[in-house]
Amino acid sequence: MAEPKFRAPKGTRDILPPESARRRSLSDAFAVLAGQWGFGEVVSPMFEDMGVFKRVGESTDLVTKEMFDLFDKGDPPQHLALRPELTASICRAYVEHRPVPPWKVWYDGPQFRYEQPQAGRYRQFTQVGVEVLGTDDPQADVDVIALGSRFFEAVGLTKVSLLLNSLGDPACRPDYLKALSDYLDSRRSELSAQSQVTLERNPLRVLDSKRREDQTIIDEAPLMVDFLSEESAAHFQQVRSGLEALGIEYEISPRLVRGLDYYTRTTFEFAADALEASQNAVGGGGRYDGLVEALGGPDTPGIGFALGVDRILLACNAEQSFEAAPSPVDVFVVDVAGGSSALTICESLRGVGLGADRAYGGRSMKAQMKLADRSGATYAVIIGDDEIASGEATLRDLRGDTGQRRVPLAVLAGEIRRLLQDNGV
RNA sequence: GUGGCCGUAGCUCAGUUGGCUAGAGCGCCUGGUUGUGGUCCAGGAGGUCGGGGGUUCGAAACCCCUCGGUCACCCCA
């Protein structure tokens, strides 16, 4: 293949029609649901001060080695980073604008991580998500999780399981961490080399290891649920009964820890069973009761989730759901008399709210009919010398068997709109 | 960042132990008597075989480097 001079950078890609249309309808579906749940959209900058993301956790890979960072041209230069996630940005915005809590917002946009690309793992990827700041009512947790679950249903995914855990709070987490550290230390020599390193940095994350030699040790490790404070245990119980009241199935996953340090109490993950196990997390989230404070704001609890659009679409492919939307072109104008009629007819069709397209460059009738077919249009409007002479157009049904007939130009647009409405379009 | 596999037309792929002007299907374009698509038939365009270097009389095939993809680790959406 002739090597193009430039290509999309490693880990990024172009999303072209028709796939781009499918993505857009996925986004739209999310926006509709989030609106129904009472969330408003926040559009925040694609990059932030590096410090915003450092608060996410100094011990996470996301901060230590997966950041796309840069310095601006100021004096002194400001250390900026492309956002690797959006929760920190939302919290930064909350602290900056001080909206009245509870603040319920959603977002949809690209995020960046400097990682080794793989199927379902990109350096630029898209997430949609929600955050609720300013309440620790367990019913907010339930509402958030329910929104995620209903979204997967709305896009036709049936094989998505919800994994749920509680990571405790500042009152009880230290006790658990100590117990876990002591335990892992006692079996240190049996752990994989990589996990021994992880143990130094963040014992909790050892539970996430997928290495075979670690599994037995992990299976026998103490569990957070056994260390929950009375308060956290009660909160967790209320989240569970709320989900049950809504008929949302979940699975308690006592070793579910997530990659970001800021999570407390409720933690969950959506796993697409139709995808390979290693990249099957299509979404995740939880409570982050200390994050707003870490960013310089008042003590404010928060909960939210992020869903990976790229992976959701892969899961849809695997489940053969969420097919592309039908073509927005209703009518294709075939003009074999020069093309100026196509120009004005398209204008009048679009004027009454229809989708209309035409060919360029004076192509043969056969070629234009072919394009009409491919455009997905329901009708073709044909203009030749005959039609021009009589002030009419030939209206041809491309999808049914009603053939074609002449229609006066003056009533063409209205006539087509009526026909499409009658057919429930 | 580490390791395995892969890289031939726009897409999916064939190309036997290195040897004729590198092929197929799909897609695209043009025709099939002068205005009709979705079927059919016939022609055509399109590739310096990811890129660079090397071995050889000769390389898409072998070696090295590099870029990209993919899988695993890691991490996570």
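Note: the structure precedes this text.
Residues numbered from 1 in each chain as written. Chains lettered and ligands numbered in written order. Predicted model: local features only at pLDDT ≥ 70, side-chain atom pairs only at ≥ 80, totals over all residues. Heavy atoms only, no water.

Running from amino to carboxyl end, helix α13 (residues 340-351) crosses helix α16 (residues 409-422) at an angle of 40°, the nearest separation of the two axes being 9 Å. Of the possible angle classes, the one that applies to α13 and α16 is oblique. Note that α13 runs across α16; the crossing there is right-handed. Side by side, α13 and α16 meet where Ile345, Ser348 and Leu349 of the first sit next to Leu409, Leu412, Ala413 and Ile416 of the second. Of the residues contributing to the contact of α13 with α16, the split by class is six nonpolar, one polar and no charged. (Axes fitted to C-alpha atoms, helices over the stretch in contact; angles between N-to-C directions. Helix = DSSP H or I, 4+ residues; strand = E, 2+ residues; numbered from the N terminus. Parallel < 35°, antiparallel > 145°, perpendicular 65-115°, else oblique. Left-handed = near helix turned anticlockwise from the far one by under 90°. Contact = heavy atoms within 4.5 Å. Nonpolar A, V, L, I, M, F, W, Y, C, P; charged D, E, K, R; others polar.)

As a rule of thumb, soluble globular proteins bury nonpolar side chains together. Phe30, Leu243, Phe268, Leu307 and Ile312 are the most contacted members of the largest nonpolar core, which has 84 residues in total. Take this core: its biggest share by element is seven residues, from helix α5 (residues 138-154). Each residue touching Phe30, except ones within four places of it in the same chain, is listed here: Trp106, Tyr107, Val128, Gly129, Val130, Phe151, Phe305 and Leu307. Grouped together as the second largest cluster of nonpolar side chains are 18 residues, Leu354, Ala356, Tyr379 and Leu412 included. (Core = buried A, V, L, I, M, F, W, Y, C linked by side-chain atoms within 4.5 Å. Buried < 20%, exposed > 50% of the residue type's maximum accessible area, 1.4 Å probe, protein only.)

Sheet analysis places strand β15 (residues 392-397) next to strand β16 (residues 404-408), joined by five bridges and oriented antiparallel. Within β16, the residue paired with Thr394 across the bridge is Arg406. Where β15 folds back on β16, the antiparallel hairpin that results is connected by six residues, among which Gly403 adopts a positive phi of roughly 70°. (Pairing = 2+ DSSP bridges.)

A word on the pairing of strand β10 (residues 281-287). With respect to burial, β10 is a largely interior element, six of its seven residues being buried. When strand β9 (residues 264-272) meets β10, the two strands line up antiparallel, connected through six bridges. Within β10, the position partnered with Ala271 by the bridge is Ala281. The pairing of β10 with strand β11 (residues 302-308) spans five bridges and is antiparallel. Within β11, the position partnered with Gly284 by the bridge is Ala306.

Attention now moves to the protein's contact with RNA strand B. Around RNA strand B, the surrounding shell holds 48 residues, and the nearest of these are Ala119, Arg205, Arg211, Ala281 and Asp386. Sugar and phosphate atoms represent 61% of those atoms of RNA strand B found within 4 Å of the protein. For RNA strand B, a sugar or linking oxygen lies 2.4 Å from a polar atom in the backbone of Ala281. Contacts to RNA strand B include Glu387, whose side-chain N or O atom sits 2.9 Å from a base nitrogen. Those elements that place two or more of their residues in the surface near RNA strand B are β6 (124-133), β10, α14 (365-374) and α15 (385-390). The element that contributes the greatest number of residues to the surface near RNA strand B is α14, accounting for seven residues. Here the surface near RNA strand B is composed, by residue class, of 12 nonpolar, 13 polar and 23 charged. (Near = heavy atom within 4 Å. Polar contact = N/O pair within 3.5 Å; in protein donor to acceptor, adjacent residues only side chain to side chain.)

With that settled, consider helix α10 (residues 230-245). Since there are 3.6 residues in each turn of an α-helix, residues three or four apart along the chain are aligned in direction. Relative to the 22 Å expected for 16 residues at 1.5 Å per residue, α10 spans 22 Å between its end C-alpha atoms, a close match to the ideal helical length. Considered for burial, the residues of α10 that qualify are Ser232, His235, Phe236, Val239, Gly242 and Leu243. Angularly, the buried residues of α10 cover 125° about the axis, an arc narrow enough to put them on a single face. In α10, the exposed residues that point more than 90 degrees away from the buried face are Glu230 and Ala245. Positive phi appears at Gly247, one or two residues downstream of α10, with a value of about 70°. (Expected span 1.5 Å × (residues − 1). Arc of directions from axis to C-beta.)

Turning to the layout of surface pockets, a few remarks are in order. Of the pockets and cavities examined, the second largest pocket occupies roughly 550 Å³. Along the walls of the second largest pocket sit 26 residues, with Pro170, Arg173, Tyr262, Tyr263 and Thr264 positioned nearest its centre. Those elements giving two or more residues to the lining of the second largest pocket turn out to be α6 (173-186), α8 (203-206) and β9. Residues that form the lining of the second largest pocket fall into these classes: 10 nonpolar, five polar and 11 charged. (1 Å grid on protein atoms, 1.4 Å probe; cavity = no way out; pocket = protein on both sides within 12 Å on 5 of 7 lines; lining within 4 Å. Points joined across faces, edges and corners; volume = space filled by probe spheres on them.)

Before going further, it helps to spend a moment on the packing of aromatic side chains. Given two aromatic rings, their pairing is described by the distance between the two centres and the angle made by the two planes. Taken as a whole and assessed by the stated rule, the structure comprises 11 aromatic pairs. Geometrically, the ring pair formed by Phe151 and Phe152 is tilted, given 6.1 Å between the ring centres and 50° between the ring planes. Classification of Phe151 by relative accessible area gives buried; the value is 1%. For the pair Tyr262 and Tyr288, a centre-to-centre distance of 5.7 Å together with 70° between the ring planes defines the contact as edge-to-face. Taken as a pair, Tyr262 in the loop between β8 (251-252) and β9 and Tyr288 in the loop between β10 and α11 (291-294) lie far apart in primary sequence, 26 residues in all. Exposure class is identical for Tyr262 and Tyr288. Each is buried. (Phe/Tyr/Trp six-rings, centres within 6.5 Å; stacked < 30°, edge-to-face > 60°.)

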